[in-house]
Amino acid sequence: MRFAPSPTGSPHIGNIRTALFTWLFARKHGGVFILRIEDTDRARYVEGSVQEIMDSLRWLGLDWDEGPYFQSQRLPLYREVAEKLVKTGHAYRCYCTPERLEELRRQQEAAKQPTGYDRRCRYLSDEQRAKIEAEGAPYVIRFAMPLEGETVFHDQIRGEIRFENALIDDFVMLKSDGFPTYHLASVTDDHHMGITHVIRGEEWISSTPRHVQMYLALGWEMPKFAHLPMILGTDRKKLSKRHGSVQFVEYIQQGYLPEAMFNFLALLGWSADEDRELYSREELIERFDLSGVQENPAIFDGQKLLWMNGVYIRRKPIEELTQLCLPYLQQARLMPPDPTPQQIEYAQRVIALEAERMKLLSEVVPLTEYFFRDTLEYEEKGVRKWFTQPYVAQMLEMLIERYTTLEPFDLEHIEATTRAVADELGVGAAQVIHPTRVAVSGRTVGPGLFEMIEVMGKERVLQRLRAALEMIRQGAKD
RNA sequence: GGCCCCAUCGUCUAGUGGACUAGGACACCUGGUUCUCAGCCAGGAGAUCGGGGGUUCGAAUCCCCCUGGGGCUACCA
């Protein structure tokens, strides 16, 4: 099995999903998973994309057994195969210029004819050929497709697919710059690398008859083909830039967990016959089967992925989750680059309180900000609703006074003390809890108040209560 | 235009001739838990299986046509 991406840009969800399915299949059947970089188009090569591909695979835990191989380093092999086909009459040199080809296509389009090479050079006589060769004209090597009959192959997912040979033109195998096209390179490598199952995207179906004919011409054993359904954007169009983040690395940055992404991607276009959606990596390997692969394209909708990520975040042991969140906190300057054990301990307790609200690791910043900052930003709505209550100033004074002497400053005592204040004030507990939350966090939503106060610690809480009291008194004067 | 692939709730999907008053999940709505949110629990709404013909005692499941969507149609992959 192999995953053979082309380094023409940052890998997207679809590319990685193909890698995942291939990997799953290889692991399930004890096969060898090979990474092969199809860098045969020098013009479209994007610097750094190979690294991104490898980083993405590693991040997801898709380890490869061999490679990466680079097709650009195997040029002589492809030429050898192409020449062999020329010798056996299955291929020929074509000297047509790009200009002629373009003109030909224009005419065909104008005449509403199917476009394609007219095979002119296929029928050149030896003398004509020798003459052109003598001039040193550049050439490509084209495969000579059978002129009649049809090519039939059995797709592991879709069953039998057939194409009429006459409709397939003599495609280029070797370009004039000496590089192979995809067709030549992949067939050659798949054969030499002992690939038994070619698993790739649906967009390759129409190229498969060419590959089949090459195998036949070369006398090579045919691998099995499996064409995965495509992944479309919410507008049912092929995934592209305007669909938001389609680049895989962006998901990594936003704080998706590899476990969640793995699980989600495995279920995009594949399913086991059971009412379940949460699977571990091992369970997926155990269950994966080409027969469970969907034939119709799937629309990529991030909502379910987001939900699943939340599930996996909540399942994470808190120590691990804290380590995962740390980089985000540091980037936001909420934590220093080299935190002390005490600071990590504090962050961990904070994260434990907010974890169930987190769907992305990056959300740790907006979610926990107020635990770390010296000065709070108050939510306008909360201030208006709660700081205007007549009893609030008195309430804050009482809380400050009692918290100051409260020992130990723990959950149980904080709760008892706070509720006692409500009783004395003759109001419901909620009437105290809500304004206090605003005073202490600046917000109207968040974790349970008493837990929050306990984690913040006495000093920080007192300071915030005083600040709130000051603010209310100022407001009263105006 | 030509060739090819595909078609079940908004989305991911289960379903391979009778167990289907079409199941699950996300999202959505309601109720419960509770100091808010989230979480959790319970419930609800949501698909005449794209349309039309067949085959059959019986079709989401098989066949044909139509429609729709997608892919390919490069010296790109």
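Quick look at the structure, then. Note that the structure is predicted; figures quoted are calculated from it, not measured.

1. Points about the overall build of chain A
- In terms of helices and strands, chain A carries 20 helices and 12 strands.
- Here the C-alpha atoms of chain A give a radius of gyration of 32 Å, more than 25% beyond the 23 Å that 2.2 N^0.38 yields for 478 residues.
- Structurally, chain A occupies a C-alpha span of about 110 × 50 × 40 Å along its principal axes.
- Looking at chain A alone, contacts between residues at least 24 apart form 75% of all its contacts between residues at least 6 apart.
- When the accessible surface of chain A is totalled, it reaches about 23,400 Å², and 49% of it is carbon and sulfur.
- Here chain A carries 59 positive and 71 negative side-chain charges, and the mean point of each set is 4 Å from the other.

2. A short note on the protein's contact with RNA strand B
- Lining the immediate environment of RNA strand B, one finds 67 residues, of which Gly269, Glu356, Arg357, His434 and Gly446 sit closest.
- Expressed as a percentage, the sugar and phosphate content of the atoms of RNA strand B within 4 Å of the protein is 74%.
- A distance of 3.1 Å is found between a base oxygen of RNA strand B and a side-chain nitrogen or oxygen belonging to Arg44.
- The contact in question runs from a sugar or linking oxygen of RNA strand B to an N or O atom on the side chain of Gln303, over 3.5 Å.
- Counting only elements with at least two residues in the surface near RNA strand B, the list comes to α4 (98-110), β5 (140-143), β7 (159-164), β12 (298-299), α11 (302-315), α18 (429-441) and α19 (449-456).
- Counting residues per element, the surface near RNA strand B draws most heavily on α11, at 4 residues.

3. Examining the sheet that holds strand β8 (residues 172-174)
- Here we have 3 strands laid out as an open sheet, ordered β4-β5-β8, and antiparallel in their pairing. Looking at the sheet topology across the chains shown, the edges are occupied by β4 (91-94) and β8. Neighbour-to-neighbour, the strand axes of this sheet turn through a mean angle of 45°, independent of strand direction.
- Direction of pairing for β4 relative to β5: antiparallel, over a ladder of 4 bridges.

4. With respect to the nonpolar core
- The biggest cluster of nonpolar side chains holds 113 residues, and the ones touching the most others in it are Leu265, Phe371 and Tyr403.
- Ranked by residues supplied to this core, first place goes to helix α1 (residues 13-28) with 9 residues.
- Ignoring any residue separated from it by four or fewer positions in sequence, one finds Tyr403 in contact with Phe409, Ile414, Thr417, Thr418, Ile453, Lys458, Val461, Leu462 and Leu465.
- Leu85, Ile168, Met173 and Leu218 belong to the second-largest nonpolar core, a separate cluster that totals 29 residues.

5. Regarding the sheet that holds strand β2 (residues 34-37)
- Spatially, the 3 strands line up as an open sheet ordered β1-β2-β3, and their pairing is parallel. The outermost strands of the open sheet, each flanked by one partner alone, are β1 (2-3) and β3 (66-70).
- Here 3 bridges tie β2 to β3, and the two strands are oriented parallel to one another. Along β3, the bridge assignment pairs Ile34 with Glu66.
- Along the sheet, helix α2 (residues 49-60) contacts β1, β2 and β3; its crossing angle with β2, the most-contacted strand, is approximately 160°.

6. Here's the deal with the pattern of salt bridges
- Tallied over the full model, the rule gives 34 salt bridges.
- One salt bridge in this structure joins Arg36 and Asp189, with 3.8 Å as the shortest N-O distance. Of the two residues, Arg36 sits in strand β2 while Asp189 sits in helix α6 (residues 182-192), which places them 153 residues apart along the sequence. Just as Arg36 is buried, Asp189 falls in that class too.
- Connected through salt bridges with shared partners, the residues Arg2, Arg36, Glu38, Arg74, Asp189 and Asp190 form a single ionic network.

7. As for helix α7 (residues 208-218)
- Counting buried positions along α7 gives 10 out of 11 residues, so the element sits mostly inside the fold.
- Residues of α7 that are buried: Thr208, Pro209, Arg210, His211, Val212, Gln213, Met214, Tyr215, Ala217 and Leu218.
- With its phi angle positive at about 70°, Gly219 sits one or two positions after the end of α7.

8. A short note on the side chain of Arg129
- Among the secondary structure elements, Arg129 is positioned in helix α5 (residues 126-134).
- Although Arg129 lies buried, it forms no salt bridge, and the closest oppositely charged side chain, Asp126, sits 4.8 Å away as judged by the N-O distance.
- One polar contact links the side chain of Arg129 to the main-chain carbonyl oxygen of Arg93, over a distance of 3.2 Å.
- Not counting residues within four places of it along the chain, the set of residues in contact with Arg129 comprises Tyr92, Arg93, Tyr95, Cys121, Arg122 and Leu124.

9. Regarding the packing of aromatic side chains
- Here the structure, examined in full by the defined rule, presents 17 aromatic pairs.
- Geometrically, the ring pair formed by Trp59 and Phe248 is edge-to-face, given 5.7 Å between the ring centres and 75° between the ring planes. Taken as a pair, Trp59 in helix α2 and Phe248 in helix α8 (residues 248-254) lie far apart in primary sequence, 189 residues in all.
- What makes Phe248 buried here is its relative accessible area of 0%.
- Through successive ring pairs, a cluster of aromatic residues spans Tyr251, Tyr256, Phe264 and Phe300.
- When the ring centre of Tyr139 is taken as origin, the NZ or CZ atom of Arg93, which lies over that ring, is 4.2 Å away.
- Across from the ring centre of Tyr117, 3.7 Å away, lies the NZ or CZ of Arg142, which sits over that ring.

10. Here we look at the state of the cysteines
- Within this structure, the stated rule accounts for 0 disulfides.
- For Cys94, which is in no disulfide, the shortest distance to another cysteine sulfur is to Cys121 and amounts to 3.8 Å.
- By relative accessible area, which is 1% here, Cys94 ends up buried.
- Note on Cys96: no disulfide assigned, nearest cysteine sulfur contributed by Cys121 at a separation of 3.5 Å.

11. A few points about the environment of Thr444
- Positionally, Thr444 belongs in the loop between α18 and α19.
- In this structure the C-alpha to C-alpha distance between Thr444 and His434, which are 10 residues apart in sequence, comes to 7.0 Å.
- Filtering out sequence-adjacent residues up to four positions away, Thr444 remains in contact with Glu379, Lys381, Gly382, Arg437 and Val438.
- There is a polar contact of 2.7 Å between the side chain of Thr444 and the side chain of Glu379.

What counts and what doesn't
Residues numbered from 1 in each chain as written. Chains lettered and ligands numbered in written order. Predicted model: local features only at pLDDT ≥ 70, side-chain atom pairs only at ≥ 80, totals over all residues. Heavy atoms only, no water. Helix = DSSP H or I, 4+ residues; strand = E, 2+ residues; numbered from the N terminus. Rg over C-alpha atoms; globule rule 2.2 N^0.38 Å. Contact = heavy atoms within 4.5 Å. Areas by Shrake-Rupley, 256 points an atom, 1.4 Å probe, with all protein chains shown as cover. Lys, Arg positive; Asp, Glu negative; His and termini not counted. Charge placed at Lys NZ, Arg CZ, Asp CG, Glu CD. Near = heavy atom within 4 Å. Polar contact = N/O pair within 3.5 Å; in protein donor to acceptor, adjacent residues only side chain to side chain. Pairing = 2+ DSSP bridges. Axes fitted to C-alpha atoms, helices over the stretch in contact; angles between N-to-C directions. Core = buried A, V, L, I, M, F, W, Y, C linked by side-chain atoms within 4.5 Å. Buried < 20%, exposed > 50% of the residue type's maximum accessible area, 1.4 Å probe, protein only. Salt bridge = Lys/Arg side-chain N within 4 Å of Asp/Glu carboxyl O. Phe/Tyr/Trp six-rings, centres within 6.5 Å; stacked < 30°, edge-to-face > 60°. Lys NZ or Arg CZ within 6 Å of the ring centre and 35° of its normal. Disulfide = S-S within 2.5 Å.

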